[in-house]
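Chain by chain, the residues:
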Amino acid sequence: MDERLKDIVNNFEQLLIGVDDPFKFHCTMCGKCCYHREDILLNPKDIYNISKELGLTPQEMIEQYCECYIGGDSRMPIVRLKPRGTVQRCPLLKNHKCSVHKAKPAVCAMYPIGRCLKMDDKAIKDITADDILYIFQHPECGDERETHTVREWLESFGMSVKDEFFIEWQKVVTELCMIFRKVEKMLSPNTMMMVWQSAYVGLYLHYDMAVDFMPQFKENAKKVLETMHTAFSGKL
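All values derive from a computational prediction rather than experimental measurement. (Residues numbered from 1 in each chain as written. Predicted model: local features only at pLDDT ≥ 70, side-chain atom pairs only at ≥ 80, totals over all residues. Heavy atoms only, no water.)

Trainee: When you look at the sheet that holds strand β8 (residues 113-117) in this model, what are you seeing that I'm missing?
Mentor: Taken in spatial order, the 3 strands of this open sheet run β1-β9-β8, and their pairing is antiparallel. Edge positions in the open sheet fall to β1 (16-17) and β8, since each of these has one partner strand only. Across 2 bridges, the pairing between β1 and strand β9 (residues 132-136) is antiparallel. Counted as the bridge partner of I17 is Y134 from β9. With respect to the sheet, helix α7 (residues 164-183) is in contact with β8 and β9, its orientation differing from that of β8 by roughly 50°. (Pairing = 2+ DSSP bridges. Helix = DSSP H or I, 4+ residues; strand = E, 2+ residues; numbered from the N terminus. Contact = heavy atoms within 4.5 Å. Axes fitted to C-alpha atoms, helices over the stretch in contact; angles between N-to-C directions.)

Structural data, given as structure tokens:
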């Protein structure tokens, strides 16, 4: 497990921060947070935004800057930015600056704030924005010349503490994880690879860059889930 993730897991309660709680951080644009990173995972919205900013299709963007694999625990198709060189720098870093600053991945825009969902025993359909938890992990760069709240910090990047996409994406991921874990035990490796490929294309690639993202994502996610439930109705 990545050292950053270990620190978060081991100190989770201490890192929690409320949406209107203050934290001190000022980005000095040093670029340090873009090095030694193997953990920048991209969701479909990140891929759509970056692709649009670069004038590429999602497939072209992924082929040039990312790598895909199946999550060891989640069993979900995962897309991450592929670090380059011995310093493992972000492939989107140009002259020590983010080349897609206006469309940077959510995890980068939010830094040094992170977020996750408090699932408990809730049904997937009952998850709401009130279940989003935020953490502040003291950064290894920048300085403390500015004070922000989580709400203000997110809004400065055009994000909301009631992020509709984040909730919908987590619901889709949670449901697909349960499906993939079950059916993988019943299917041949070749068949399972086709199942993963179908989900990957539907969730990450099937977008018209001239059309708004969210309606397309909802339709794509609906089709992927319906396809999985139909195909494996007797196995789930």
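Trainee: Explain the environment of N190 to me, please; I cannot follow it from the model alone.
Mentor: Tracing the chain through its elements places N190 in helix α8 (residues 189-205). Residues N190 and P77, spaced 113 residues apart in sequence, show a C-alpha to C-alpha distance of 15 Å.

Trainee: Just checking my understanding: could you explain the environment of R75 for this structure?
Mentor: As for its position among the elements, R75 is in the loop between β4 (66-70) and β5 (77-81). A sequence separation of 31 residues divides R75 from A106, and the C-alpha atoms of the two residues are 22 Å apart. Dropping the residues within four chain positions of it, R75 is found in contact with I70, F180, R181, E184 and W196.

Trainee: Is there a simple way to think about the nonpolar core in this case?
Mentor: It is characteristic of soluble globular proteins that their nonpolar side chains tend to be buried jointly. Core analysis: the biggest nonpolar cluster contains 46 residues, and M61, L81, L176, F180, L203, F217 and M228 have the highest contact counts within it. The element best represented in this core is α7, accounting for 9 residues. In this structure, I113, L117, Y134 and V161 belong to the second largest nonpolar core, which totals 19 residues. (Core = buried A, V, L, I, M, F, W, Y, C linked by side-chain atoms within 4.5 Å. Buried < 20%, exposed > 50% of the residue type's maximum accessible area, 1.4 Å probe, protein only.)

Trainee: Looking at this model, I keep getting lost on the pattern of salt bridges. Mind explaining?
Mentor: It is possible for side chains of opposite charge to pair when their charged atoms get near one another. Using the criterion set out here, one finds 11 salt bridges in the structure. Ionic pairing is found between R145 and D143, a salt bridge with its closest N-O pair at 3.1 Å. The exposed category is assigned to R145, whose relative accessible area is 62%. Given a relative accessible area of 24%, D143 falls into the partly exposed group. (Salt bridge = Lys/Arg side-chain N within 4 Å of Asp/Glu carboxyl O.)

Trainee: Which parts of the structure should I look at to understand α7?
Mentor: With 20 residues, α7 should reach 28 Å at 1.5 Å per residue; the first-to-last C-alpha distance of 29 Å fits that figure. Those residues of α7 not exposed but buried are F165, F166, I167, W169, K171, V172, V173, L176, C177, I179, F180 and V183. Where the residues of α7 are buried, they touch α3 (44-54), β5, β8, β9, α8 and α9 (213-231). Of the residues that open α7, the one with a side-chain oxygen 3.1 Å from the backbone nitrogen of F165 is D163. (Expected span 1.5 Å × (residues − 1). Polar contact = N/O pair within 3.5 Å; in protein donor to acceptor, adjacent residues only side chain to side chain.)

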